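What the coordinates show
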Amino acid sequence: MSDSRCNETEIRALLFHAERMVLWQSVEAWDDNSLSCSTSTHNDVKNPLRRDGALSSIHLAEYGAQMMAIHGALLVRKNTGGTLAPGVLTSLKDFEMHVPRIDDISAVLTGTAKVLISGASGSIYEFSIDAGDRRVASGRVSVLTLPGATTST
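First things first, this report covers the structure right here in the doc.

Remarks on the state of the cysteines
Under the definition given, this model contains zero disulfides. Distance from the sulfur of cysteine 6, which forms no disulfide, to the nearest cysteine sulfur (cysteine 37) is 8.5 Å. On the basis of relative accessibility, which here comes to 4%, the residue cysteine 6 falls in the buried class. Among the residues examined, cysteine 37 registers a relative accessible area of 1% and is labelled buried.

So, the pairing of strand 1 (residues 26-30)
In terms of burial, strand 1 is a largely internal element, four of the five residues being buried. Here strand 1 pairs with strand 2 (residues 34-39) via four bridges, running antiparallel. Following the sheet pairing, tryptophan 30 is matched in strand 2 by leucine 35.

With respect to the environment of glutamate 126
Position of glutamate 126 among the secondary structure elements: in strand 5 (residues 122-131). You can call glutamate 126 partly exposed: its relative accessible area is 34%. Taking the C-alpha atoms as reference points, glutamate 126 and asparagine 43, 83 residues apart in sequence, are found 24 Å from one another. Filtering out sequence-adjacent residues up to four positions away, glutamate 126 remains in contact with Thr112, Ala113, Lys114, Leu116, Gly139 and Arg140.

Criteria and cut-off values
- Residues numbered from 1 in each chain as written.
- Predicted model: local features only at pLDDT ≥ 70, side-chain atom pairs only at ≥ 80, totals over all residues.
- Heavy atoms only, no water.
- Disulfide = S-S within 2.5 Å.
- Buried < 20%, exposed > 50% of the residue type's maximum accessible area, 1.4 Å probe, protein only.
- Helix = DSSP H or I, 4+ residues; strand = E, 2+ residues; numbered from the N terminus.
- Pairing = 2+ DSSP bridges.
- Contact = heavy atoms within 4.5 Å.

Now the structure itself:
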């Protein structure tokens, strides 16, 4: 992986998500095939995914999908200078959660996403998310690029 880092402000500029729905705070490294990220947003009491004060590990699927979006946006910016075309999450497969909730984890979450398949019509990535040396989730996500959607320059 390269040493191309991005901070939270840069990540916000890459994604369609608003405000607190941007879940990753830093891209630690990325290249054409993968990226690694880190965050402490699971400890934010105002995290919009919390329900009744708790943050279920099911929401790590969204953390995984956001890594995919960040990586795709970085690639488009690098290759064309444009922005990522809108897409729709079409599947989540082999999703494993190793903890019931994540708001009670004090460690920084680190994630890795790797491209399995990518093309004009969409992409499939595998991801894993750890808290320290403990795996908390892993899976695969697929996104279909919306028909007629294009990247802009």
